[in-house]
Structure formats: structure tokens, C-alpha cells
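The lines below spell out each chain.
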Amino acid sequence: MTTIFSFINQKGGVGKTTSAVTLGHGFALRGYQTLLVDCDPQGHIATQLSLPKGPGLRHWYYEEQPLSKAMVQARENLLMLAGDKSTDRVLGKLREEQWGAAEFAERLCAESEAMRIQVVLLDLAPSLNHLQIAAMLASDYVIIPTRLRYTDLDGVSEITRSITETSRRSSKPKRYYLLPTFFDRVTKETAQRLTELAAAFGRQVWPPIPQDVKLAEAPGRGMTIWEYAPQSSGVQGYVNRNGKKIGGYETILSEMIRLMEGV
Ligand code: ADP
Ligand code: MG
């Protein structure tokens with residue numbers, strides 16, 4: 001069984017790509033056959049893995065190459081369908097064809113299933129258009145990374161509305177989760193926003209990813225955070241007043257594995 005997750009937020013710089021790469025490599029390190037799909041013409045999935053950008057997504061969807069031919073091996077257990085500016089053609093085709101998004105979703109599910117890929121993570125561009133809809137239709141779960149500043153939260157309801165609308169017409173996505181990023185436990189601002197978010201969305205709000213300079217540094221060193229600084233707060237979370245560890249990508253990875261295994 002393949003489980004598909006999408007990282008969607010029409011805002012840029014909220015940690016979509018960082019989350020997709022970090023969690024994707026996290027799954028791979030735990031032995032899951034994992035595929036990262038770059039749906040953003042910026043091609044930053046490849047950049048973060050210190051690999052060249054490429055027309056993988058275009059080859060697969062627009063030129064209808066099989067997934068196995070269009071993707072590349074990024075790390076052990078980690079496959080990548082790369083993106084570059086030619087991803088715009090994928091968007092063009094999706095826009096033109098009435099059932100494009102549904103066909104995109106169907107093909108992705110069927111081909112990853114056939115290849116015995118266990119987890120697929122889709123990283124989306126900062127917009128809300130046909131490619132985001134196609135990703136939603138393919139996904140079991142949508143993850144909405146969001147920063148915790150006041151101005152970052154107002155777009156969240158727009159995405160959740162779009163998800164709700166999509167899932168009304170389809171069996172997917174089953175559910176969405178909010179992933180608070182750039183959490184700063186020192187100042188009150190982000191903690192306050194996190195409380196508000198939890199009041200509005202309850203258990204659909206995941207524990208936060210702390211602001212961590214190591215996460216920003218890792219791509220420049222050609223490494224994921226697991227290779228560069230696995231003990232950093234971005235991975236391990238922060239310690240609260242009661243000495244309890246909260247958040248970080250390790251915790252989020254466990255949440256996702258629980259979802260996949262239905263426990
Ligand atoms: P998006 O894909 O939503 O545009 P990115 O994942 O590219 O966002 O992140 C934007 C920038 O912030 C990148 O330079 C990244 O390295 C950095 N970054 C991401 N998450 C964190 C974090 N938790 N703490 C510090 N820097 C981060
Ligand atoms: Mg990005």
C-alpha cells in the first residue's frame with residue numbers, strides 16, 4: 001500500500017520544501033521506499049538534496065514516460081521525481097484538460113503502487129491552482145506547513161476550504177493537518193498564535209517545528225538535516241518547562257507513520 005502526502009500552502013517560505021525533504025529522507029532512513037515529487041518549477045527538492053534540477057515531472061506527466069524512467073535515485077530508499085521550469089507545461093496541460101487533475105492523481109497512485117513505493121511526498125509551489133488540486137486528489141493526507149505570524153495564518157482557511165471542497169467530490173484527501181513551522185519558544189508571539197491555531201483546529205494541529213538555523217544551513221552543505229545536524233532542535237524539538245520534548249521532525253515522522261499504519 002502506498003500512502004501519499006502533499007505539502008500545500010499558497011504562501012512561500014513557510015517550510016514546505018524543507019518539510020518534504022526532511023520527512024522524505026526520514027522515511028527513507030527508516031527503511032521505507034520513498035518518492036519525493038517536486039511540483040514546484042523552482043525545483044528546490046533537488047537543490048536541497050544537492051542534485052541537479054530536472055524535467056522529471058514533465059517527462060512523467062506531459063510526455064507520459066513511466067515513473068520508473070522519469071525519476072532518479074536521491075539517497076538509499078529515496079527516489080525523486082525532479083522539477084524545473086518545464087513543470088509549467090504540466091500546469092498548462094492540467095489547465096486545458098477537464099479530467100487532467102483526476103488523471104494525474106490516478107496515474108500517480110497506480111504507478112507508485114505498482115513500484116511498491118510505500119510513501120509519496122509531493123512538494124507544491126506557493127499557489128493554489130490546478131497542480132495543487134491534482135495533488136490533493138492524489139493524497140491520503142494534506143499537510144499545511146504554516147508560519148506562526150499573524151499574517152501567515154489568514155491564508156490557512158482558504159486552503160482548508162479548497163481541501164474540503166475537493167474531498168466532497170472525491171474519496172481523497174481523507175484529512176488535513178497543520179504543521180506549525182519556525183516556532184520560537186523565546187518570544188510570546190508564536191506561542192500565542194499556536195494556542196489560537198489549536199483552539200480553531202484542535203487535534204489537526206501537529207506539534208511545531210522550532211526555528212532552527214541548522215535547517216537553513218543544511219542544504220548549503222549538500223546535506224539533509226539528518227546528515228548535517230540530527231541532534232538539532234529542528235529534528236529533536238524543544239524542551240518545555242516540564243522537561244518534555246515537544247515537536248521537531250522526528251515527532252512528525254512518527255505521527256505520519258502512525259497514520260500510515262492506521263494506529
Ligand atoms: P517553502 O518551500 O514553503 O517556500 P522552504 O522550505 O524553502 O519554504 O523554507 C524557506 C527558507 O527557510 C529556506 O531557506 C529554509 O532553509 C528555511 N527554513 C525552513 N524551515 C526552517 C526552520 N524551521 N527554521 C529555520 N529556517 C527554516
Ligand atoms: Mg518550496
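Located above this text is the structure these notes cover.
Report on the accompanying structure.

Rules and cut-offs
- Residues numbered from 1 in each chain as written.
- Chains lettered and ligands numbered in written order.
- Predicted model: local features only at pLDDT ≥ 70, side-chain atom pairs only at ≥ 80, totals over all residues.
- Heavy atoms only, no water.
- Core = buried A, V, L, I, M, F, W, Y, C linked by side-chain atoms within 4.5 Å.
- Buried < 20%, exposed > 50% of the residue type's maximum accessible area, 1.4 Å probe, protein only.
- Helix = DSSP H or I, 4+ residues; strand = E, 2+ residues; numbered from the N terminus.
- Contact = heavy atoms within 4.5 Å.
- Axes fitted to C-alpha atoms, helices over the stretch in contact; angles between N-to-C directions.
- Parallel < 35°, antiparallel > 145°, perpendicular 65-115°, else oblique.
- Left-handed = near helix turned anticlockwise from the far one by under 90°.
- Nonpolar A, V, L, I, M, F, W, Y, C, P; charged D, E, K, R; others polar.
- Salt bridge = Lys/Arg side-chain N within 4 Å of Asp/Glu carboxyl O.
- Phe/Tyr/Trp six-rings, centres within 6.5 Å; stacked < 30°, edge-to-face > 60°.
- Lys NZ or Arg CZ within 6 Å of the ring centre and 35° of its normal.

1. Notes on the nonpolar core
Moving on, step 1. In terms of nonpolar packing, the biggest core is built from 46 residues, with Leu35, Trp60, Leu81, Phe104 and Leu122 touching the most fellow members.
Moving on, step 2. The element that contributes the greatest number of residues to this core is helix H7 (residues 130-138), accounting for 6 residues.
Moving on, step 3. Once you skip the residues sitting within four places of it in the chain, phenylalanine 104 turns out to touch Leu57, Trp60, Tyr61, Leu94, Leu122, Leu131 and Ala134.
Moving on, step 4. In terms of nonpolar packing, the next biggest core, distinct from the first, is built from 38 residues, Ile45, Trp206, Tyr249 and Ile252 among them.

2. A word on the packing of helix H6 (residues 100-114) against H7
Moving on, step 1. Two numbers describe how H6 lies on H7: the axes approach to 8 Å, and their chain directions differ by 45 degrees. As the angle between them shows, H6 and H7 are arranged oblique. Pair H6 / H7 crosses with right-handed handedness. Within the contact between the two elements, H6 uses Ala101, Ala102, Phe104, Ala105, Leu108 and Cys109 and H7 uses His130, Leu131, Ile133, Ala134, Leu137 and Ala138.
Moving on, step 2. Grouping the amino acids of the contact of H6 with H7 by side-chain chemistry returns 11 nonpolar, 1 polar and no charged.

3. Topic: the pattern of salt bridges
Moving on, step 1. For the coordinates displayed, the defined rule picks out 12 salt bridges.
Moving on, step 2. Among the salt bridges present, the one from aspartate 154 reaches lysine 11, with a minimum N-O distance of 3.4 Å. Here aspartate 154, found in the loop between helix H8 (150-153) and helix H9 (156-169), pairs with lysine 11, found in the loop between strand E1 (3-7) and helix H1 (16-29); they are 143 residues apart in sequence, far enough to count as distant.
Moving on, step 3. Given a relative accessible area of 57%, aspartate 154 falls into the exposed group.
Moving on, step 4. Classification of lysine 11 as partly exposed rests on a relative accessible area of 23%.
Moving on, step 5. Lysine 172 is the salt-bridge partner of aspartate 140, the closest N and O atoms lying 3.9 Å from each other. With aspartate 140 in the loop between H7 and strand E6 (141-146) and lysine 172 in the loop between H9 and strand E7 (175-180), this pair connects stretches of sequence that are 32 residues apart. Here aspartate 140 and lysine 172 have matching classes, each one buried.

4. Describing the packing of aromatic side chains
Moving on, step 1. If you walk through the whole model with that rule in mind, you get 10 aromatic pairs.
Moving on, step 2. A centroid spacing of 6.3 Å and a plane angle of 50 degrees characterise the contact between tyrosine 141 and tyrosine 177, whose relative ring orientation is tilted. With tyrosine 141 in strand E6 and tyrosine 177 in strand E7, the pair connects residues that are 36 residues apart, well separated along the chain. The same class applies to tyrosine 141 and to tyrosine 177, which are both buried.
Moving on, step 3. Members of the aromatic cluster, each reached through a chain of ring pairs, are Phe5, Phe27, Tyr32, Tyr141, Tyr177 and Trp206.
Moving on, step 4. For arginine 89, the ring lying beneath its charged end belongs to tyrosine 62, and the centroid distance is 5.6 Å.

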